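Spelled out, the chains give:
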Amino acid sequence: MVILSVAFPPRHPTKKPLERFRAYFGDDYYICRFQEPEIEAEYASADTSALMRAMLTHRKTGPLFVPKGVSFGALPETPVPLPSWLTEDDIMYYASKFEKTGFKGGLNYYRALDLSWELTAPWNGVQVKVPVKFIVGDQDLTYTTPGAKEYIHGGGFKRDVPLLEDVVVMEGVAHFINEEKPNEINEHIYDFISKF
């Protein structure tokens, strides 16, 4: 298995994910804010192409906070310059899909975290027992959130994924690693799978 960006998160045996996120990061943490119904209206009121541009080019490291009163519609007035791996056509394509469907489906993933936690109770303490390669960008908010690097490099990840063979941290890359560095990612996947 090759995992991109998000390390395997072990299931906490007694605390639901939202309880843990709120305790650690507070109510303004993006996953906590996604629980609130007004988030859909905030997304709907935003310029979808500007929102997609901001999401896909996000480079701020650390946890993502969306304080109340700072709407998703409050995007930078000056358009963010596009990196070489992202075109205006890409932005317009993604925006057209979200303009058609809205953001409810994506938000529901985060809204179902506690339900998923409940449904996965039989797998508490499970380990991933297949060979794994993990690839992440050094500017990815999932990698730069407090505790992530310690888990990935300090033995916790290897404990939960005992057949972890390789961790690759790509420099200058953020969350959308497969789009930012597609050739390198394909080579990593191909080389890893070719060993078997």
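Conventions used here
- Residues numbered from 1 in each chain as written.
- Predicted model: local features only at pLDDT ≥ 70, side-chain atom pairs only at ≥ 80, totals over all residues.
- Heavy atoms only, no water.
- UniProt positions renumbered as here; feature names shortened; annotations may be inferred.
- Helix = DSSP H or I, 4+ residues; strand = E, 2+ residues; numbered from the N terminus.
- Pairing = 2+ DSSP bridges.
- Axes fitted to C-alpha atoms, helices over the stretch in contact; angles between N-to-C directions.
- Contact = heavy atoms within 4.5 Å.
- Domains from an automatic or database assignment.
- Buried area = accessible area lost by both parts, 1.4 Å probe.

- An unreviewed UniProt entry lists the protein chain under the name AB hydrolase-1 domain-containing protein, with Papaver somniferum given as the organism.
- According to its UniProt record, the protein chain has this under Sequence similarities (unreviewed entry): "Belongs to the AB hydrolase superfamily. Epoxide hydrolase family."

1. Comments concerning the environment of E99
- Take E99: it is sitting in helix 5 (residues 88–101).
- In sequence terms E99 and T57 are 42 residues apart; their C-alpha atoms lie 19 Å from each other.

2. Concerning the sheet that holds strand 3 (residues 164–170)
- As summarised here, the arrangement of the 3 strands in space is 1-2-3, forming an open sheet in which the pairing is parallel. The outermost strands of the open sheet, each flanked by one partner alone, are strand 1 (2–4) and strand 3. On average, each strand axis in the sheet is tilted by 15 degrees relative to the strand beside it, whichever way the strands run.
- Two elements, strand 2 (residues 132–137) and strand 3, share 6 bridges in a ladder whose sense is parallel. Considered in strand 3, the bridge of G137 is made with M170.
- Where helix 12 (residues 182–194) meets the sheet, it contacts strand 1, strand 2 and strand 3, and its direction lies at approximately 170 degrees from that of strand 2.

3. Re the domain arrangement of the protein chain
- If you check the domain split of the protein chain, you get domain 1 (2–12 + 123–194) and domain 2 (17–122).
- Computed from C-alpha atoms alone, the centre-to-centre distance between domain 1 and domain 2 is 22 Å.
- In this complex, domain 1 contributes 14 residues to the contact, which on the side of domain 2 involves 20 residues.
- Carbon and sulfur atoms make up 57% of the area that domain 1 and domain 2 hide from each other, which totals about 1700 Å².

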